[in-house]
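Take a look at the letters that make up each chain.
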Amino acid sequence: MSIRTRLKKVLPTISTTEQEALDAGDVWLEGSIYQGVPDFNALKNIPVAELSVDEQAFLDGPVATLLEMVDDFAIQGAKHIPDDVLTFLKANKFFSLIIPKAYGGLEFSPYANSTIVATIAAKSSAVAVTVMVPNSLGPGELLMHYGTDEQRDFWLPRLANGLEIPCFALTSPEAGSDAGGIPDIGTVTFGEYEGNQVLGLSVTWDKRYITLAPIASVLGLAFKVQDPKGLLGGDEDLGITCALIPKAHPGVQLGNRHDPMGVNFYNGTTRGEDVFIPMEFIIGGQKNIGRGWAMLVACLGAGRGISLPALGASVSQCSFKSSAEYAAVREQFGLSIGKFEGIQEKLADIAGKTYLQESMRVLTTEGLGIGLKPSVVTAIAKYHMTELGRDILNSAMDIQAGKAIQRGPQNTLASGYVAQPIAITVEGANILTRNLMIFGQGVMRCHPYLQSMVEAIHSDDTNADKVFNSIFAKTVGYSVNNSLRAFRLGLLPFTAQATSTLPEVIPYEKSVNKLASKLAVYADFSLLVLGGKLKQAEMLSARLGDVMSYLYAAMASIRYYEQKLPKEQREQAAPYFHYATRWSLCKAEEALLAFLENFPSSATRKLMRLLTVTYSAKMPKVNDDLVRELAEQAQLNTEFKRNLTHLIKPIPGDGNDINEQAYLAKMDCLPLLAKVKKGLRSRQFKAGARFSITLDAALEAKVIELSEHKLLQNYNLKRERAIRVDEFDFDMNLITEKAELKIAN
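Here's a quick rundown of the structure.

From N to C terminus, the protein includes 28 helices and 11 strands. Principal-axis analysis of the C-alpha atoms gives the protein an extent of 100 × 75 × 45 Å. Split into buried and exposed, the 745 residues of the protein put 56% on the buried side. In the protein, of all internal contacts separated by at least 6 residues, the share reaching a separation of at least 24 is 77%. Counting only carbon and sulfur atoms, one obtains 53% of the accessible surface of the protein, whose full area is about 31200 Å². If the 76 positive side-chain charges of the protein are averaged to one point and the 81 negative ones to another, these points end up 7 Å apart.

Okay, here's the thing in structure tokens:
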């Protein structure tokens, strides 16, 4: 019996939906990581993302105006987003960021799309979700890529100018992540449309979690098509299909709402029973029956890398900016809390991971911007950036403590904290993304021969054995080379290569290469020993996916530091860069070691350790000195820090503005504050019960002059306002300050 025949008996076949997912999208940097030779030359050759003149003008114009219009606290307490905000979004083409200019859209780049959504999210999650959904997976993108000329000419201009509001319905109560289990059925039949008997589909569906459904005027719908009477002359089960159905079409039910965490973006249900639609409603026409899943995963592969990672980056920057400012102005025991190591540990973690978030956001959208649709990379970005956002936000809540938990207009964290679980669950729950998608798709897409080998194994061609043997020989050679490279790098780590010209980057680049070489070996042995069972060994495959993910994150960190930052900002950015890169490499190594420790075959485990010379952790760790350095740098008002928090646009009087004004006032008063403290230490005057009394005493003792006293009192007023929280009367009506804050000139 041949090797191919034996493998055919034990290896499961790939389902249609799995194959369509594998065929969709492109292989990018993750391919070189998986194969053990991360391509830093390709990384350096990617064009650096920049906003065009039109994109910057949109941010400075309509987006800035929108931020001034939005009162997120009011939205949280209302039933829905205000009509004037919705009208503004439609009139200013916020729903057509990706629609080509030829159809009246804005045709912005993925980087601009991400930046716009993230900037809005920093102000309001509800408004950001409302904007991002039509510009991610939805009728617009499906029509652009797969619609007929007639469909594009009719629908895209109407979507672009806001005459139509779209939604897309995929998730059913019985089928979320399992697209193959969609119970919604369209049966091929004849029916009446516009007074004529035409061939079409009788569709029954029940969908939930559909964003914009309650206000949508046109419904994108995914369902399975069956042809029991053979009217199309083919199989009975024709597969998943996508259609575009006007809300006014007879039988369409749209309107019931869900309540997603009280965030109050429009999300709801759609249903229909035996609704007849003509073939012209199918996106792309009758020829696209059964192509729906391939269409969806191709579009989702791009959208997944933009919207949800943008939310993760936004909440991270908001957490970082507000926590750094709060740590600088909030005092306990006579010191700003940013001087305490417990706070510094949290703040450094926030700062380093926020840098990593922005690095990954930029790199992922740069890949999308050159026309790629890397399904594995976008899954990495979706999972890790939403999880990092949750992690960073939790640390920010710890630092801001009581201020963070009291809801009100001044609270910059509460809205994001409530909304964060939403990003974790949509477009595939994060458990699914990590445990099944990243390495599950990566192993088939990134291995140079595996997909061809599987096809040859299950082929019925007469020359299948010959084809398989050829591929098998190449696979063996590939695996041997992986083992030899990993052994060399494990035994002689100084032989690792690096292309960077920056001395601080070179060790990290070498570390990425060393860890990737081990990943390639472990992936090979997993396939050899576990075979088809690797699909069920979710914890093992998830760890290998983590290695790919964290190495991608490290490469993003390196690229951002080398190519995105001006040279003059690198000194300011260095501790952020070191923290983010070290953390990523340590997490990658941790995943590798956990994989080895839990691999089911003891003999194979020992062999893998020997071949890769892996017996303990070797990556450079984040140490206390780096934590202290980064925490101090994070509290300085540097150009790099301002750029790293560029998504946050304070509006006069809002929480971000109040925090920033207090922080900037303190930065201006640092020499004067030092003078006051020196006077206290030398007992030239006594500290008062309040800082304002202390300042009066310093003035009386002539430690400070009148003009300096005025500046310090101005700072103190702003500081008191920043550490204050919102308060309400007994009926929860917001109490505002009775007097305007007096700001000294």
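Quick look at the packing of helix α20 (residues 506-530) against helix α23 (residues 602-612) now. Taken N-terminus to C-terminus, the directions of α20 and α23 make an angle of 155 degrees; their axes are 10 Å apart at the nearest point. Judged by the angle between their axes, α20 and α23 are roughly antiparallel. In terms of crossing hand, the pair formed by α20 and α23 is right-handed. Across from Lys-518, Val-521, Tyr-522, Phe-525 and Val-529 in α20, the residues of α23 making contact are Thr-604, Leu-607, Met-608, Leu-611 and Thr-612. Tallied by class, the residues present in the contact of α20 with α23 amount to seven nonpolar, two polar and one charged.

What follows covers helix α28 (residues 706-723). If you check α28, its first and last C-alpha atoms are 26 Å apart, about what 18 residues at 1.5 Å a residue would give, namely 26 Å. Among the residues of α28, Glu-708, His-709, Leu-712, Gln-713, Asn-714, Tyr-715, Asn-716, Lys-718, Arg-719 and Ala-722 are the ones counted as buried. Looking at the buried positions of α28, the neighbouring elements they touch are α13 (307-329), α15 (375-405), α26 (655-681) and α27 (691-700).

Let us now look at the packing of helix α8 (residues 110-121) against helix α14 (residues 341-369). Between α8 and α14, whose axes approach to 7 Å, the crossing angle comes to 140 degrees. The angle between the axes of α8 and α14 places the two elements in the oblique class. Across the interface between the two elements, Pro-110, Tyr-111, Ser-114 and Thr-115 of α8 pack against Arg-361, Val-362, Thr-365, Leu-368 and Gly-369 of α14.

Of note in this structure, Glu-107 is not a glycine but carries a positive phi near 55 degrees. By the element assignment, Glu-107 lies in the loop between α7 (83-91) and α8. Judged by its relative accessible area of 45%, Glu-107 is partly exposed. With a phi close to 60 degrees, Arg-683 is a non-glycine residue in the positive phi region. As for its position among the elements, Arg-683 is in the loop between α26 and α27.

Scoring rules and cut-offs
- The residue count restarts for each chain, going from 1 along the sequence in the order it is written.
- Since the coordinates come from a predicted model, pLDDT governs what is reported: local features require at least 70, and pairs of side-chain atoms require 80 or more to be given and counted, while whole-chain, interface and lining totals use all residues.
- Side-chain measures here rest on the full set of heavy atoms in the structure, leaving out hydrogens and waters.
- In this text, helices come from DSSP runs of H or I with a minimum length of four residues, and strands from runs of E with a minimum of two, each type numbered from the N-terminal end.
- Only protein chains enter the area calculation, which uses a 1.4 Å probe; residues under 20% of their type maximum are buried, those over 50% are exposed, and those in between are partly exposed.
- Note on contacts: a residue pair is in contact if any heavy atoms of the two residues lie within 4.5 Å.
- Using a 1.4 Å probe, the Shrake-Rupley method yields the accessible areas, and only the shown protein chains count as cover for residues.
- Positive charges are assigned to Lys and Arg, negative charges to Asp and Glu, while His and the chain termini are left out of the count.
- For the purpose of locating charges, the reference atoms are NZ of Lys, CZ of Arg, CG of Asp and CD of Glu.
- For every element, the axis is a line fit to its C-alpha atoms; helices are fit only across the contacting stretch, and the angle between N-to-C directions ranges from 0 to 180 degrees.
- Roughly parallel covers angles under 35 degrees, roughly antiparallel covers those over 145, roughly perpendicular covers 65 to 115, and oblique covers all other angles.
- Put simply, a crossing is left-handed when the front helix is turned counterclockwise from the back one by less than a right angle, and right-handed when it is turned clockwise.
- Gly falls in the polar group here, along with every residue not listed as nonpolar (Ala, Val, Leu, Ile, Met, Phe, Trp, Tyr, Cys, Pro) or charged (Asp, Glu, Lys, Arg).
- In this scheme, a helix's expected span is set at 1.5 Å multiplied by one less than its residue total.

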